[in-house]
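# Structural characterization, general
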Amino acid sequence: MTGTIIVGFDGSAESRAAADWAAREARLRGSAVQLVHVRQSMPEPMGEGLLVTAETRRHWTERIPREAASRLRERHPGLEVGVQHVDDASAQGLLGAARDADLLVLGSRALSGVGGFLVGSVGRAVVSRAQVPVVLVRAGEKAADEHVEDAQGAPSTGTRFRPVVLGLDAGHPDGTLIAFAFEEALRRDTPLVVSSSWYLPPYAVYDLAAGVSPRDELAREAAAELTETLRPWREKYPRAEVVEACRLGSPADHLVDASREASLVVVGRRIRRNPLGTHIGSVAQAVMHHATAPVAVVAHD
C-alpha cells in the first residue's frame, strides 16, 4: 500500500461525506486514509448542566473520529484508516498534516439545496496554499452520484463512472494538472472530457460590423490548439478515452454545466511566489462554489 489521503474531519455532515469519498478514492489508488480531526468544543446540548472537565472534552473529541474510522473500515474491508488530532483549527493545521500526502480532502456544505458548495474561510485558505491537490466534497455526496444511472434510471454503484472533466487553458497547459486528470479518469475507467474555452477578440466587433464573421475560423483554430496540446498526452496514456470540448464563452460556466454529469471536476491553481500572497483564480473559485460534483484543485507552476 502506498500513499496517504488526508481528510479534514470535524464530525459534520460535510466532513463525513469527504471521508466517504476519500475511502472510495483510496480503494482506487491502493492508498491509506488519515482522518485529521480538528478539536472543537463539545455540542451545547451535551454540555448543558455538566461540569465539563478536560478529560471529558478529550474523550468526546477523540470518540468522534475514532467511530468514523471504524465505520469506514467496516464499509471498506482491508482499508487502512488512521486518526490524527490537531489543535490548530486554522488552515495551517491541515496544511501541516497534508504536507507529504497524495491528496487533501475537505467537505463543503451545499448551497440552499440548488447544488454547489459553500467553501468557508479555512477551506479557501487551504486551497490557496496547499501544495498537494485538494478535493472538495459537498455534504450529501454519495457513491451512486458518481455513476451513471442504471437501465431503469435509478442511482447505482454498479454502473460506469461518470466522466472526469478537466478545465484546461490550451494556450498555457501544465503537465501536473493534465497528468492528474488523466490518471483519475483511468482509475475510474471512464472518459476524460477536456473543456477549453475561447473568446471573440476585440477586432471581431469590426469584422461583424462589416458583415464578416470570424467565428468559424477562430473556433477551428482553438479546437486545433487543444488537439495539439493533448497529442503527447494521448500518446502517454493510450488507454484513455478523451473527449475534447472547445467552446466559445466562459470557462467557469462550461465547467459548472459539465459538473452535472461528472464524477469529478479537475481545475488548476497557479502557484504564486511573490509578495502578493496566495491566489486561487477566478475560474477555480467559481467552480469551487458552483459545481455539483466533487472538485479537485491542483496547484501548479
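To keep things clear, this report deals only with the structure shown in the data block. Just so we're clear, the structure is a prediction, and the values are computed from it rather than from any experiment.

What follows covers the pairing of strand β10 (residues 264–270). Of all 7 residues in β10, 5 are buried, a share of seventy percent or more. In this sheet, β10 lies alongside strand β7 (residues 164–167) in parallel orientation, the contact comprising 3 bridges. Each residue of the ladder has a partner; that of V165, found in β10, is V265. Judged from the 6 bridges that link them, β10 and strand β11 (residues 295–300) form a sheet pairing that is parallel. Each residue of the ladder has a partner; that of R269, found in β11, is A299.

So, about the nonpolar core. L35, V105, L166, F182 and V266 are the most contacted members of the largest nonpolar core, which totals 44 residues. Setting aside residues no more than four positions away along its own chain, L35 makes contact with V7, F9, A19, P65, A68, A69, L72, V81, G82, V83 and Q84. Core analysis: the next-biggest nonpolar cluster, separate from the first, contains 33 residues, I6, V86, V165 and V297 among them.

Across the 7 residues that make up strand β8 (residues 192–198), a large majority, 6, are buried. Of the pairings in the sheet, the one linking β7 to β8 comprises 4 bridges and is parallel in character. By the bridge assignment, V164 is partnered in β8 with L192. Pairing between β8 and strand β9 (residues 242–248): 7 bridges, direction parallel.

This part is about the packing of aromatic side chains. Applying the stated rule across the entire model yields 3 aromatic pairs. When the ring of F182 is compared with that of W233, the centres are 6.4 Å apart and the planes differ by 25°; the resulting orientation is stacked. With F182 in helix α6 (residues 175–188) and W233 in helix α8 (residues 215–236), the pair connects residues that are 51 residues apart, well separated along the chain. Neither residue differs from the other here; F182 and W233 are each classed as buried. For the pair W233 and Y237, a centre-to-centre distance of 6.4 Å together with 10° between the ring planes defines the contact as stacked. Taken individually, W233 and Y237 each receive the classification buried, so the pair is uniform in this respect. Lying over the aromatic face of F161, R188 brings its terminal NZ or CZ to 5.8 Å of the ring centre.

The next subject is unusual backbone geometry. Backbone phi values are negative for most residues with the exception of glycine, while trans is the configuration of most peptide bonds. Phi angles above zero are rare outside glycine, and D189 is one such case at about 55°. Following the sequence through the fold, D189 ends up in the loop between α6 and β8. You can call D189 exposed: its relative accessible area is 59%.

What follows covers helix α1 (residues 13–29). Each α-helix winds once per 3.6 residues, and so residues spaced three or four apart point in a common direction. When the terminal C-alpha atoms of α1 are compared, their 24 Å separation across 17 residues agrees well with the 24 Å that a helix rising 1.5 Å per residue should span. With 12 of 17 residues buried, α1 lies mostly within the body of the structure. Listed as buried for α1 are E14, S15, A17, A18, A19, W21, A22, A23, R24, E25, A26 and R29.

Roughly 660 Å³ of volume is contained in the largest pocket. Broken down by class, the residue content of the lining of the largest pocket amounts to 15 nonpolar, 11 polar and 6 charged.

How each quantity is defined
Residues numbered from 1 in each chain as written. Predicted model: local features only at pLDDT ≥ 70, side-chain atom pairs only at ≥ 80, totals over all residues. Heavy atoms only, no water. Buried < 20%, exposed > 50% of the residue type's maximum accessible area, 1.4 Å probe, protein only. Helix = DSSP H or I, 4+ residues; strand = E, 2+ residues; numbered from the N terminus. Pairing = 2+ DSSP bridges. Core = buried A, V, L, I, M, F, W, Y, C linked by side-chain atoms within 4.5 Å. Contact = heavy atoms within 4.5 Å. Phe/Tyr/Trp six-rings, centres within 6.5 Å; stacked < 30°, edge-to-face > 60°. Lys NZ or Arg CZ within 6 Å of the ring centre and 35° of its normal. Expected span 1.5 Å × (residues − 1). 1 Å grid on protein atoms, 1.4 Å probe; cavity = no way out; pocket = protein on both sides within 12 Å on 5 of 7 lines; lining within 4 Å. Points joined across faces, edges and corners; volume = space filled by probe spheres on them. Nonpolar A, V, L, I, M, F, W, Y, C, P; charged D, E, K, R; others polar.

Functional significance is not addressed by these values, which are geometric in nature.
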